[in-house]
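Chains, contacts and geometry: an overview
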Amino acid sequence: EAGVAQSPRYKIIEKRQSVAFWCNPISGHATLYWYQQILGQGPKLLIQFQNNGVVDDSQLPKDRFSAERLKGVDSTLKIQPAKLEDSAVYLCASSARQGLNEKLFFGSGTQLSVL
Amino acid sequence: GNSVTQMEGPVTLSEEAFLTINCTYTATGYPSLFWYVQYPGEGLQLLLKATKADDKGSNKGFEATYRKETTSFHLEKGSVQVSDSAVYFCALSDLDNDMRFGAGTRLTVKP
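Here the structure is a predicted model, which means the values were calculated and not measured.

**Brief notes about the overall build of chain A**
Counting its regular elements, chain A contains zero helices and 11 strands. Seen in sequence order, chain A has helices and strands lined up from the N terminus as β-β-β-β-β-β-β-β-β-β-β. Taken over C-alpha atoms, the radius of gyration comes to 13 Å for chain A, in line with the 13 Å a tight globule of 115 residues would show. Here chain A holds 115 residues, and 44% of them are scored as buried. Put simply, of all contacts in chain A between residues at least 6 apart along the chain, 53% involve residues at least 24 apart. Carbon and sulfur atoms make up 49% of the accessible area of chain A, which totals about 5600 Å². Here chain A contributes 13 positive and 10 negative side-chain charges, whose respective centroids are spaced 3 Å apart.

**Remarks on the pattern of salt bridges**
According to the stated counting rule, one finds five salt bridges over all chains in the structure shown. One salt bridge in this structure joins K56 of chain B and E63 of chain B, with 3.6 Å as the shortest N-O distance.

**Looking at the sheet that holds strand β1 (residues 5–7) of chain A**
Residues and elements named next belong to chain A. Overall, antiparallel pairing links the four strands, which are arranged β1-β3-β8-β7 in an open sheet. Only two strands of the sheet have a single partner each, and these edge strands are β1 and β7 (65–68). With direction set aside, neighbouring strand axes in the sheet form an average angle of 15 degrees. Relative to strand β3 (residues 19–24), β1 is paired through three bridges, and the arrangement is antiparallel. In the sheet register, S7 faces β3, and the bridge partner there is W22.

**Quick word on the interface of chain A and chain B**
With 25 residues of chain A at the contact, the number on the chain B side is 24 residues. Taking both sides of the interface into account, the surface hidden between chain A and chain B amounts to around 1700 Å²; carbon and sulfur atoms contribute 50%. Taken together, the links from chain A to chain B amount to zero salt bridges. Remark: the boundary between chain A and chain B carries two residue pairs in polar contact (both at pLDDT 80 or more). Those elements that provide at least two residues to the side of chain A that touches chain B are β4 (31–37), β5 (44–50) and β9 (88–95) of chain A.

**Considerations on the pairing of strand β8 (residues 75–79) of chain A**
Residue and element names in this part refer to chain A. Burial along β8 is one-sided: the face carrying S75, L77 and I79 is buried and the face carrying T76 and K78 is not. Of the strand pairs in this sheet, β7 and β8 are connected by four bridges, and their pairing is antiparallel. Across the sheet, residue F65 finds its bridge partner in β8, namely I79. Between β7 and β8, which pair antiparallel in sequence order, lie six residues; one of them, G72, sits at a positive phi of approximately 75 degrees.

So, how was this worked out
- Residues numbered from 1 in each chain as written.
- Chains lettered and ligands numbered in written order.
- Predicted model: local features only at pLDDT ≥ 70, side-chain atom pairs only at ≥ 80, totals over all residues.
- Heavy atoms only, no water.
- Helix = DSSP H or I, 4+ residues; strand = E, 2+ residues; numbered from the N terminus.
- Rg over C-alpha atoms; globule rule 2.2 N^0.38 Å.
- Buried < 20%, exposed > 50% of the residue type's maximum accessible area, 1.4 Å probe, protein only.
- Contact = heavy atoms within 4.5 Å.
- Areas by Shrake-Rupley, 256 points an atom, 1.4 Å probe, with all protein chains shown as cover.
- Lys, Arg positive; Asp, Glu negative; His and termini not counted.
- Charge placed at Lys NZ, Arg CZ, Asp CG, Glu CD.
- Salt bridge = Lys/Arg side-chain N within 4 Å of Asp/Glu carboxyl O.
- Pairing = 2+ DSSP bridges.
- Axes fitted to C-alpha atoms, helices over the stretch in contact; angles between N-to-C directions.
- Buried area = accessible area lost by both parts, 1.4 Å probe.
- Polar contact = N/O pair within 3.5 Å; in protein donor to acceptor, adjacent residues only side chain to side chain.

By themselves, these observations are geometric and do not establish any function.
Spelled out as structure tokens, the structure:
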């Protein structure tokens, strides 16, 4: 079974530039998550999709971050414009369905450095 | 809101030593509790979970018991190996499946 795919693996940009990350979840997984993991901290949920609808985006900084999952499969996360404090690893995860006990499968992440 | 607090690292042990990583949680309802592990260069993966009070999750020699009275889910292993070196994250999930993670504890096991 193929895992959660993310690209790019690394990205270095200057502040105020834009950047986009891509995620392909495990085939058939209805629920998709984007997490931000700052160095030395645990992952923080940014947004959760159920199919192509947003379930929770309460922690997404909507003035600069946006995410979409138009066809209920792949997803993109965009930052425009980037700030220094956005430097982090951006993790995509998926689960078969939304539920209390569902196991999350994580991708390897995209490491973003904002200079 | 829901939150997880785990012991700060890093933790350095010799091979075959006993491991405990403390985790306590705050939740309004009855969450499920998880331990995820991140090996060097890899993504997070589920290590074990427990879905209700007094449940014990176990995998790869690791165990953790869901203690409602102390709101804890401590991770233990009787004899660690060099291959257990990784970052360990305690997490909880509520009815909305909003997975909240602790800050992580880095474990290094020396031969």
